[in-house]
Each structure stands twice: as structure tokens, then as C-alpha cells.
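Spelled out from the first residue to the last, the chains are:
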Amino acid sequence: QLLSAVGSLLGPKPHVVLDEKRHGLKIWPLVVGSTATGRKGTGAGRVFGLLDEVDPAWTLRRRSGIASGEAIVHHVRDEVVRRKRTKGADGAVQETAEVTEGEPDKRLFLKEEEFSRVLRIARKEGTTISATIREAWDSDVLMTTAKTHPETATGAHVVILGHITPEELLRGIGETELSGGFVNRFLLVSSRRSKRTPQPPA
């Protein structure tokens, strides 16, 4: 979880090139552990408590509750300039620009403590969430094709951290998720409590 968060905090600039393809600091852990004793959230809390002091601006780039692929793109969207040409009363053509602000900080850290919900949404007919997540791992260019408000994101640096129980993982991952390459974007990590220390020594 620490490596994942640090990779998000550092952003898109650090990278390596393999097979002519750019690979940024994207580690997507899917932490698998039982409720209460898995300590998934406890571990994440330690990480965020440390890194929030390193870069307070990064706290504004954290989100949870992935609902759609369009929502992911919107959080790292580019500025859009739409130009309109109108004819005035005197017949002269005037051009005006309508600017929709984008997101200058292309870092996006998605923490999903109920990752089983993402798996359920991905199975719905017509959803774009699975395709967008796969694209966010493979590329730094994302886009939506909505007719009314299409959006594009260039230079996007999306990192996902998921938490799930073993039972939810077995129920939620089927042949489609395995064969479609959705699961292999994530690093499955087992998490469990190794000891109990209510009052740890200072």
C-alpha cells in the first residue's frame, strides 16, 4: 500500500521504457483479508498519515467510490475550448470561445475499500468501468465518447488500491474478469494480523 501511494504521489514523470512503451509508477494492490482481522484499513491509515504530511496537495487527489469509467476520466480531464462563430446584426462574423476548465493535476488515487462493488458494477450491461480501468493501467490517455459532453484526459496517472475479503474475491471474479485482463492489472496481496498488541510500546 505504501509503494502504491508513493507512486501516485510522485506522479507521471518518473518512468521506465520497456519494449518502446512507457511505464509509470503504477502499482495497483488488491489487498485480500478478512474483515476486522485482515487489517487492510489499518495498514492504509498508517500510509496516508505519513504521506499527507509529505504533500498536502496529494490529499485532494484521492477519491473513493468508483461509479463509472466516465467519472474516472472526469477527475483527470483536459481543458476543452469550444469556438462559436456567430453573425452580428451588421453581417460581421464574430468568434467566441467557451472554455471548460480541466484538471491540471493529473494524479488520481482511487482507494476502494469495498472493491467487490467495483466488480459488481463491471458486470453490468453497458458499463465502461472495466474498459476504462484497463486503459488507465495501459495508457496515460483516457477518453469518453458521450454525445453531449465527451471528455479526454492526457497524461493521466491513475493508481487504484482495492480492499476485498477472500469470500468476496472468489464470488466476484469469474471467467470474464480473468480472460479479459481485468484482474491481472492488480497485484493480489494477502493481509492478516500477525499479532495482537493493544498498547504497543512507544
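These numbers were taken from a predicted model, which means no experiment stands behind them.

Moving on, we get to the overall build of the chain. A tally of regular secondary structure across the chain gives seven helices and 11 strands. Buried residues in the chain amount to 36% of all 202 residues. Taking the average location of the 31 positive side-chain charges in the chain and that of its 26 negative ones, the two points are 5 Å from each other.

Here we take up the nonpolar core. One recurring pattern in soluble globular proteins: nonpolar side chains tend to sit buried together. Phe 115, Ile 133, Leu 142, Val 158, Ile 160 and Phe 186 are the most contacted members of the largest nonpolar core, which has 39 residues in total. Sorting the residues of this core by element identifies helix H1 (2-10), strand E3 (29-32), helix H2 (40-54), helix H3 (69-75), strand E7 (107-112), helix H4 (115-122), helix H5 (129-138) and strand E10 (157-164) as the ones contributing at least two each. Leave out the neighbours within four places in its chain, and Ile 160 touches Ser 4, Ile 27, Trp 28, Pro 29, Leu 110, Phe 115, Ile 133 and Phe 186.

Once that is clear, we can look at the packing of H4 against H5. It is at 8 Å that the axes of H4 and H5 come closest, and there the two elements cross at 115°. Packed against H4, whose contacting residues are Val 118, Ile 121 and Ala 122, the element H5 presents Ile 129, Ser 130 and Ile 133 at the interface. Of the residues in the contact of H4 with H5, the class split is five nonpolar, one polar and no charged.

Here Lys 106 shows up in the loop between strand E6 (93-100) and E7. Side-chain polar atoms of Lys 106 contact the backbone oxygen of Arg 77, separated by 3.0 Å. At 2.5 Å, the side chain of Lys 106 and the side chain of Asp 78 are in polar contact. Excluding its chain neighbours within four sequence positions, the residues that come into contact with Lys 106 are Val 76, Arg 77, Asp 78, Thr 154, Gly 155, Ala 156 and His 157.

This part takes up the pattern of salt bridges. A full pass over the atoms with the stated rule returns eight salt bridges. Of the charged contacts in the structure, one is a salt bridge between Arg 62 and Asp 52, with a shortest N-O distance of 2.7 Å. Within this pair, whereas Arg 62 is found in strand E4 (residues 62-63), its partner Asp 52 is found in helix H2, the two being separated by 10 residues in sequence. Since its relative accessible area comes to 24%, Asp 52 is described here as partly exposed. One salt bridge in this structure joins Arg 107 and Asp 105, with 2.9 Å as the shortest N-O distance. Via salt bridges that share partners, Asp 55, Asp 105 and Arg 107 belong to a single interconnected network.

Scoring rules and cut-offs
- Residues numbered from 1 in each chain as written.
- Predicted model: local features only at pLDDT ≥ 70, side-chain atom pairs only at ≥ 80, totals over all residues.
- Heavy atoms only, no water.
- Helix = DSSP H or I, 4+ residues; strand = E, 2+ residues; numbered from the N terminus.
- Buried < 20%, exposed > 50% of the residue type's maximum accessible area, 1.4 Å probe, protein only.
- Lys, Arg positive; Asp, Glu negative; His and termini not counted.
- Charge placed at Lys NZ, Arg CZ, Asp CG, Glu CD.
- Core = buried A, V, L, I, M, F, W, Y, C linked by side-chain atoms within 4.5 Å.
- Contact = heavy atoms within 4.5 Å.
- Axes fitted to C-alpha atoms, helices over the stretch in contact; angles between N-to-C directions.
- Nonpolar A, V, L, I, M, F, W, Y, C, P; charged D, E, K, R; others polar.
- Polar contact = N/O pair within 3.5 Å; in protein donor to acceptor, adjacent residues only side chain to side chain.
- Salt bridge = Lys/Arg side-chain N within 4 Å of Asp/Glu carboxyl O.

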